[in-house]
Amino acid sequence: MNILRLLDKLSHDQFFTKEASRLETITDISLFGKKAAKAAVPLGLGTLMATSAKAEPTKTALTGTALKSTLTDALQLALVLEYLENEYYSIGLSTPGLIPNGDRTVFMQISKHESAHVGFLKSTLTSLGTTPGNKPTFDFTSGGKFMPFTDYNQFLILAQAFEDTGVRAYKGQAGNVMSNKVVLQAALQIHSVEARHASQVRRMRANKGWIELADGGNMPSATNPVYAGEDNVNQAGYNTATLFGAAAGSAAYDEVLSGSDAQTIASLFIV
């Protein structure tokens, strides 16, 4: 598929409303979803999560049982974070008086996307002969640090943190899917939707849609790990701040999030 056709396909957001047809063509979906689902420690995948994207084996380096194990482990990792986001929005929407009427439509749509992600991952794991992992027990207060279901501002803060984490973590796993065009396409489609979620929620909090420096925008210090490293202005040996200044230079390029860093962030919300 040439780049123009690929970009054309990536422009369609209906991917998540047509899981059945997609599942027929993406049952080989391997490492695409290692977002902040690194919180899958309860699944016993700590060793895989601790490695960086570059250090993890690629599809071409594996065969037979090893390949299937790597594929399914990655899907289980993705599923944990999708469980987290799906439950978070579900609780928020079902909490009376929490989300203002003017904002409910946005979160209802985001919630549908996350629910579709969960269904997609579970169906794909099943098609590969693997039982999907059970949903972990979540603590969205993170041990009392947040009260997202009694304070709408805190609900928005965590929504932004979850979405911004996911966008960075997807990029951190890109090297694992480059050799498989089908998986790469699915990863890019999902990644772009998560980025749209993040931009939407950021603007609902009166932030810019993009990230400048390592500043999430009126976020509490507890969320600092989500934005650590975003102040990087050096890209392929070029200092982007030279022409644009540090803020604009850093904003022009999103940074990746390693598997171990994503794990640390997500695990804060798992009992």
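Our subject is the structure that appears above.
This write-up is about the structure you can find in this document. (Residues numbered from 1 in each chain as written. Predicted model: local features only at pLDDT ≥ 70, side-chain atom pairs only at ≥ 80, totals over all residues. Heavy atoms only, no water.)

### Some words on unusual backbone geometry
Our working rule: To qualify as a helix, a DSSP run of H or I must reach at least 4 residues; to qualify as a strand, a run of E must reach at least 2; elements of each kind are numbered from the N terminus. Accessible area is worked out with a 1.4 Å probe on protein chains only. A residue is then buried under 20% of its type maximum, exposed over 50%, and partly exposed in between.
Even without glycine at this site, Leu213 takes up a positive phi of about 55°. Looking at the secondary structure, you find Leu213 in the loop between helix H7 (181-204) and helix H8 (224-227). Overall, Leu213 belongs to the partly exposed group, its relative accessible area being 33%. Non-glycine residue Asn218 carries a positive phi angle of around 55°. Mapped onto the elements, Asn218 comes out in the loop between H7 and H8.

### A few points about a nonpolar patch on the surface
Selection rule: Patch members must show over 30% relative accessible area and no salt bridge, and they are joined within 9 Å when carrying like charges or within 5 Å when they are nonpolar side chains of Val, Leu, Ile, Met, Phe, Trp or Tyr. Method for areas: the Shrake-Rupley scheme with a 1.4 Å probe, in which residue coverage is limited to the protein chains shown. Basic side-chain nitrogens of Lys or Arg form a salt bridge, by our definition, when they fall within 4 Å of a carboxyl oxygen of Asp or Glu.
Nonpolar side chains collect at one region of the surface, where Tyr238, Leu243 and Phe244 lie side by side and expose about 350 Å² of accessible area between them. Position of Phe244 relative to the elements: it lies in helix H9 (residues 241-244).

### Focus: helix H6 (residues 152-172)
Operational definition: Here, expected helix span is obtained from the residue count minus one, scaled by 1.5 Å. Distance and chemistry together define a polar contact, namely a pair of N or O atoms within 3.5 Å, with one atom able to donate a hydrogen and the other to accept it when in protein, and with adjacent residues in sequence counting only for side-chain atoms on both sides.
In this model H6 runs 30 Å from its N-terminal to its C-terminal C-alpha over 21 residues, within 8% of the 30 Å that 1.5 Å per residue would give. With a side-chain oxygen positioned 2.9 Å from the backbone nitrogen of Asn153, the residue opening H6 is Asp151.

### Focus: the environment of Asp231
Definition in use: Contacts: residue pairs with any heavy atoms within 4.5 Å of one another.
With respect to the helices and strands, the residue Asp231 is situated in the loop between H8 and strand E1 (234-235). The partly exposed category is assigned to Asp231, whose relative accessible area is 43%. Taking C-alpha positions, Asp231 is 7.7 Å from Ala247, a pair spaced 16 residues apart along the chain. Ignoring sequence-local partners within four residues, the contact set of Asp231 consists of Leu213, Ala214 and Ser250.

### Some thoughts on the packing of aromatic side chains
Applied cut-off: Centre distance within 6.5 Å is the pairing criterion for rings of Phe, Tyr and Trp, where only the six-membered ring of Trp is used; planes under 30 degrees apart are then read as stacked, over 60 as edge-to-face, and the remainder as tilted.
By the definition in use, this model includes 15 aromatic pairs. Centroid distance Tyr88 to Phe140: 5.1 Å. Interplanar angle 55°. Geometry classified as tilted. Here Tyr88, found in helix H4 (residues 64-94), pairs with Phe140, found in the loop between helix H5 (101-127) and H6; they are 52 residues apart in sequence, far enough to count as distant. Here the two residues Tyr88 and Phe140 agree in accessibility, since each one is buried.

### Regarding the environment of Thr240
Looking at the secondary structure, you find Thr240 in the loop between strand E2 (238-239) and H9. Using a relative accessible area of 1% as the deciding quantity, one classes Thr240 as buried. Between the alpha carbons of Thr240 and Ala251 there is a distance of 9.7 Å; along the sequence they are 11 residues apart. Apart from residues lying up to four places away in sequence, Thr240 is in contact with Val233, Gln235, Gly245, Gly249, Ser250 and Tyr253.

### Quick look at the pattern of salt bridges
By the definition in use, this model includes four salt bridges. A salt bridge links Glu87 to Lys135, with the nearest nitrogen and oxygen atoms 2.9 Å apart. Residue Glu87 is located in helix H4, and its partner Lys135 is located in the loop between H5 and H6; the two are separated by 48 residues in the primary sequence. Among the residues examined, Glu87 registers a relative accessible area of 18% and is labelled buried. A relative accessible area of 48% means that Lys135 is categorised as partly exposed. Its salt-bridge partner being Arg202, residue Asp164 comes within 3.1 Å of it at the nearest N-O pair. Here Asp164, found in helix H6, pairs with Arg202, found in helix H7; they are 38 residues apart in sequence, far enough to count as distant. According to the relative accessible area criterion, Asp164 is buried, its value standing at 4%. Judged by its relative accessible area of 3%, Arg202 is buried.

These figures come from the coordinates and say nothing about function on their own.
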